[in-house]
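# Structural description and commentary
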Amino acid sequence: MGDNINDGEATGVVVTLDDDGVGRLTISRPERMNALDTAASTTIIDTLHRWATDDAVRVVVLDGAGGSFSTGADVTSMAEGGAIDGFSKAQARGIISNGSDLARAVRAVPVPVVAAVDGAAAGIGASLALSADLIYATARSYFLLAFINIGLMPDGGASMLVSAAVGRARANAMALLGEKLRAPAAFDAGLITDVVADRDVLDETVGAVVAKLAAASPTALRLTKAALDAHTMAGFEAALARELDGQATLLQSPEFSAALAAFAAARH
């Protein structure tokens, strides 16, 4: 089993798989607060698909380097790529399908997936973290569905993942008002597994959890995860379908084009 599979220089995601069967995906684009571009998203999706069929993989960890988990889709790349002129229907559906596939790839892994969140988990970055089975965050971290601020709606399964965990009222505040949910409140609301003091404690906590999972019966873990998912994730694909239709429409809207143009102008 390999150690360093991908150092992340070309893709923005460091990929490792150790001899204990612990696979790690660390988003490493600190200059963009780990915003996900096409290369990073594709690396995550392809790696998770490969690991989903590898019996040697016993647990997967999702992480972010440099003080953020992920601030979501790389809006800068969209603006620089000329998207302010508008997306075609096919382009819009392709973009949102990519976000859906990120969350879908996490859920397709039959062994436990652990998210280690330090800093911002926003947009599709929040969806990615919340797709994990166990979510640990530092006290300074927060979860943000700020789609409404640029004329969009939650995607990557967030419309279901958040509302199922925190209830209708708080989910509405996050999605309709774009309010941050800080890690302590996210823990109190049942959105995440635990909140810890800082990055050092996060690493220790996740390390202990991963070691426990890696030592457990892989068959028992797979069957237990599947049984829990059958009840708690039953509406996942339907949520992705609704998000795809709605978000594809919104990506073609004048409101989003205006927001993207304003974002591009602010950077010059």
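Residues numbered from 1 in each chain as written. Predicted model: local features only at pLDDT ≥ 70, side-chain atom pairs only at ≥ 80, totals over all residues. Heavy atoms only, no water.

Another point: the overall build of the chain. Secondary structure assignment for the chain yields 11 helices and 10 strands. In terms of C-alpha radius of gyration, the chain reaches 18 Å, essentially the compact-globule figure of 18 Å for 268 residues. Considering only C-alpha atoms, the chain reaches an extent of 55 × 40 × 35 Å along its principal axes. Scored against the burial criterion, the 268 residues of the chain give a buried share of 49%. Long-range pairs, those at least 24 residues apart, make up 72% of the contacts in the chain between residues at least 6 apart in sequence. Surface exposure of the chain reaches about 11700 Å², of which carbon and sulfur atoms provide 56%. Side chains of the chain give 20 positive and 31 negative charges; the mean places of these two sets differ by 6 Å. (Helix = DSSP H or I, 4+ residues; strand = E, 2+ residues; numbered from the N terminus. Rg over C-alpha atoms; globule rule 2.2 N^0.38 Å. Buried < 20%, exposed > 50% of the residue type's maximum accessible area, 1.4 Å probe, protein only. Contact = heavy atoms within 4.5 Å. Areas by Shrake-Rupley, 256 points an atom, 1.4 Å probe, with all protein chains shown as cover. Lys, Arg positive; Asp, Glu negative; His and termini not counted. Charge placed at Lys NZ, Arg CZ, Asp CG, Glu CD.)

Once that is clear, we can look at the nonpolar core. Ile44, Leu48, Val117, Leu128, Phe143 and Ile192 are the most contacted members of the largest nonpolar core, which has 62 residues in total. Formed by 14 residues, the second largest nonpolar core is a distinct cluster that contains Val22, Ala116, Val196 and Leu202. (Core = buried A, V, L, I, M, F, W, Y, C linked by side-chain atoms within 4.5 Å.)

With that settled, the discussion passes to the packing of helix α5 (residues 158-166) against helix α6 (residues 168-177). Direction vectors running N to C along α5 and α6 enclose 140°, while the axes themselves pass 7 Å from each other. In terms of orientation, α5 and α6 fall into the oblique class. Relative to α6, α5 is oriented so that their crossing is right-handed. Where α5 abuts α6, its residues Val162, Ser163 and Val166 lie against Arg168, Arg170, Ala171 and Met174. Of the residues that constitute the contact of α5 with α6, the class distribution is 4 nonpolar, 1 polar and 2 charged. (Axes fitted to C-alpha atoms, helices over the stretch in contact; angles between N-to-C directions. Parallel < 35°, antiparallel > 145°, perpendicular 65-115°, else oblique. Left-handed = near helix turned anticlockwise from the far one by under 90°. Nonpolar A, V, L, I, M, F, W, Y, C, P; charged D, E, K, R; others polar.)

Taken as a whole and judged by the stated rule, the model has 0 aromatic pairs. For Lys180, the ring lying beneath its charged end belongs to Tyr142, and the centroid distance is 4.2 Å. (Phe/Tyr/Trp six-rings, centres within 6.5 Å; stacked < 30°, edge-to-face > 60°. Lys NZ or Arg CZ within 6 Å of the ring centre and 35° of its normal.)

Quick look at unusual backbone geometry now. Here Met33, not a glycine, exhibits a phi torsion of approximately 50°, which is positive. Classification of Met33 as partly exposed rests on a relative accessible area of 43%. Here Asn34, not a glycine, exhibits a phi torsion of approximately 60°, which is positive. Position of Asn34 relative to the elements: it lies in the loop between β3 (22-27) and α1 (38-52).

A few words on the side chain of Glu243. For Glu243, the location among the structural elements is in helix α10 (residues 236-251). With no salt bridge to any partner, buried Glu243 finds its closest opposite charge in Arg242, at an N-O distance of 7.4 Å. Engagement of the side chain of Glu243 in a polar contact is seen with the backbone nitrogen of Ala158, the distance being 3.3 Å. Every residue in contact with Glu243, bar those within four places of it in the chain, is listed here: Ile96, Met153, Pro154, Asp155, Gly156, Gly157, Ala158, Ser159, Met160 and Ala248. (Salt bridge = Lys/Arg side-chain N within 4 Å of Asp/Glu carboxyl O. Polar contact = N/O pair within 3.5 Å; in protein donor to acceptor, adjacent residues only side chain to side chain.)

For the rest of this paragraph, the subject is the sheet that holds strand β6 (residues 120-122). Read from one edge to the other, the open sheet built from 3 strands follows the order β6-β8-β9, with strand pairing classed as mixed. Of all strands in the sheet, those with a lone pairing partner are β6 and β9 (181-182), marking the two edges. (Pairing = 2+ DSSP bridges.)

It is worth spelling out the pairing of strand β5 (residues 113-117) at this point. Here is the key point about a regular strand: its side chains alternate between the two faces of the sheet. Within β5, 5 of the 5 residues are buried, which leaves the element mostly enclosed by the surrounding structure. Alternating residues of β5 divide into Val113, Ala115 and Val117 and Val114 and Ala116, and every residue in both groups is buried. Summarising the sheet, strand β4 (residues 59-64) and β5 pair through 4 bridges and their orientation is parallel. Counterpart to Val61 in the pairing with β5 is Val114. Note that β5 and strand β7 (residues 134-138) share 4 bridges and pair parallel. Residue Ala116 lies in a different strand from β7, and its bridge partner there is Tyr136.

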